[in-house]
Protein chains: 2
Amino acid sequence: MVEANNAKYWRAVPAPCVGYVWAYMSWGQYGRDVSSATDQIAAYASQTPAAGDGLDAWVLDIDDTCLSNLPYYQAKQFGAYDPTAFKAWASRGTCPGIPAMVRLFWTLKGGGFRVFLLSGRDEEALGASTAANLAAAGFAGYDRLILRSAAYRGQSSVVFKSAERRRLVEEGYRIRGNVGDQWSDLQGDCAGDRVFKVPNPMYFVP
Amino acid sequence: MVEANNAKYWRAVPAPCVGYVWAYMSWGQYGRDVSSATDQIAAYASQTPAAGDGLDAWVLDIDDTCLSNLPYYQAKQFGAYDPTAFKAWASRGTCPGIPAMVRLFWTLKGGGFRVFLLSGRDEEALGASTAANLAAAGFAGYDRLILRSAAYRGQSSVVFKSAERRRLVEEGYRIRGNVGDQWSDLQGDCAGDRVFKVPNPMYFVP
């Protein structure tokens, strides 16, 4: 229900589901499902090759798309969102890269696409740690790291991300694909020619 | 991947997946998942009650949303779409009603919503058998059965369904929700305030 966007606006994994979510995330099925998604993405990207003018672009979300917060959510047993604790975790810059997405990142770059990393993380508080974390996790040579500037604080993810994607389109980029773990990454304006959802049963971002 | 709309444009269930699809559809998980979807739908509908002016509406797809084609696809082992064989099956008018959706249908009607059944089935060839099948399956008292008229033959599902939903909106209806087993039921114009995807690993309609 979460993956199909039928279940929305949930604040925490319901207690009877915690064991299932833990098992799904921890015993390999999650990683296999992300790999299935990146296989689909790579196949689509190879069918719509970059034109060579440097304007064909992909947009990738960061949290639980490129970088994993699984260690953090395992430690807190998948409880509700806690902004202070999450900021402390993210500022350490130790989120593991998600292997299938690291591979996809390099496949897209190798295919001549511009890659924009677009995240609702606060630019001022987490900009430096996020950049360092991405580099350590194998994401090097992306075209732009776009985080939430002060102007978008308190705005919904759809509003912020739509505005940033529109800016890219106005600069002339063609967003060929858009990858995220939240439906709010993939809805709104200038969403991209195709969108791809990677699984995330841990939390919901409106 | 299918439920998240990552895998698109597939023509038949891949051979290694046939056993999984058969088991999913036949051993109860499919029915439980449809029930989970209708629980979400009923909860949402109760939060946005009908205004009482007779203009709050829901749109439901028919094939594998209200009526099940599972017997047909089981018999053909989930092979590729065969228009002639499907028409022969549908014209018998013996598709079972999907129990959770029959309950939802009556819940929506009881809540004062208009219910429109919108299907890409050919109106001329299948109109009479579809109406009889719906009645036999427990769907009685819907507001309109909208099938594909000759003008939309050969059009994609998104084009046809968008045009028909737009017509409802122009008549003054507010589409509060839209339920389908295909993403093409749920995308395009006037899709509704919220859309709900019910599972269907058997086939893909572009």
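Above this text sits the structure in question.
Residues numbered from 1 in each chain as written. Chains lettered and ligands numbered in written order. Predicted model: local features only at pLDDT ≥ 70, side-chain atom pairs only at ≥ 80, totals over all residues. Heavy atoms only, no water.

Asks: I keep staring at the packing of aromatic side chains and nothing clicks. Help me out?
Replies: How two aromatic rings sit relative to each other is set out by the distance from centre to centre and by the angle between their planes. In the structure shown here, the tally under the stated rule is 35 aromatic pairs over all chains. Seen in terms of ring centroids, Tyr-72 of chain B and Tyr-73 of chain B are 4.9 Å apart; in terms of plane orientation they differ by 80 degrees. Their pairing is edge-to-face. We note that Tyr-72 of chain B, like Tyr-73 of chain B, is buried. The structure contains a cluster of three or more aromatic residues connected by ring pairs, namely Tyr-72, Tyr-73, Tyr-81, Phe-86, Trp-89 and Tyr-203 of chain A. Over the aromatic face of Phe-160 of chain A sits the side chain of Arg-148 of chain A, whose NZ or CZ is 5.1 Å from the ring centroid. (Phe/Tyr/Trp six-rings, centres within 6.5 Å; stacked < 30°, edge-to-face > 60°. Buried < 20%, exposed > 50% of the residue type's maximum accessible area, 1.4 Å probe, protein only. Lys NZ or Arg CZ within 6 Å of the ring centre and 35° of its normal.)

Asks: Is there a simple way to explain the sheet that holds strand 5 (residues 194-197) of chain A in this structure?
Replies: Across a sheet, strands are paired by hydrogen bonds formed along the backbone, either parallel or antiparallel in direction. All names here are of chain A. Taken together, the 5 strands give an open sheet; going across it, the order is 3-2-1-4-5, and neighbouring strands pair in parallel fashion. If you trace the sheet from one side to the other, it starts and ends with strand 3 (144-148) and strand 5, each paired once. The mean inter-strand angle of the sheet, taken between neighbouring strand axes irrespective of direction, is 20 degrees. Sheet strands in contact with helix 7 (residues 157-170) are strand 1 (56-60), strand 2 (114-122), strand 3 and strand 4 (174-180), and its direction is about 150 degrees off that of strand 2. (Pairing = 2+ DSSP bridges. Helix = DSSP H or I, 4+ residues; strand = E, 2+ residues; numbered from the N terminus. Axes fitted to C-alpha atoms, helices over the stretch in contact; angles between N-to-C directions. Contact = heavy atoms within 4.5 Å.)

Asks: I'm lost on the packing of helix 4 (residues 83-91) of chain B against helix 6 (residues 123-137) of chain B in this one. Help?
Replies: When two helices pack together, their arrangement is captured by the angle between the axes and the distance separating the axes. All names here are of chain B. In contact at an axis separation of 9 Å, helix 4 and helix 6 are set at 35 degrees when each is read in the N-to-C sense. Residues Lys-87, Ala-90 and Ser-91 of helix 4 form the contact with helix 6, whose participating residues are Ala-125, Leu-126 and Ser-129. Partitioned by chemical class, the residues of the contact of helix 4 with helix 6 number 3 nonpolar, 2 polar and 1 charged. (Nonpolar A, V, L, I, M, F, W, Y, C, P; charged D, E, K, R; others polar.)

Asks: Quick question: what am I supposed to make of the sheet that holds strand 5 (residues 194-197) of chain B here?
Replies: All names here are of chain B. Across the sheet, 5 strands lie side by side as 3-2-1-4-5; this open sheet has parallel pairing. Two strands lie at the open edges of the sheet, namely strand 3 (144-148) and strand 5, each paired on one side alone. The sheet shows a mean angle of 20 degrees between the axes of neighbouring strands, direction not considered. Pairing between strand 1 (residues 56-60) and strand 4 (residues 174-180): 5 bridges, direction parallel. Within the sheet, the bridge partner assigned to Leu-60 lies in strand 4 and is Val-179.

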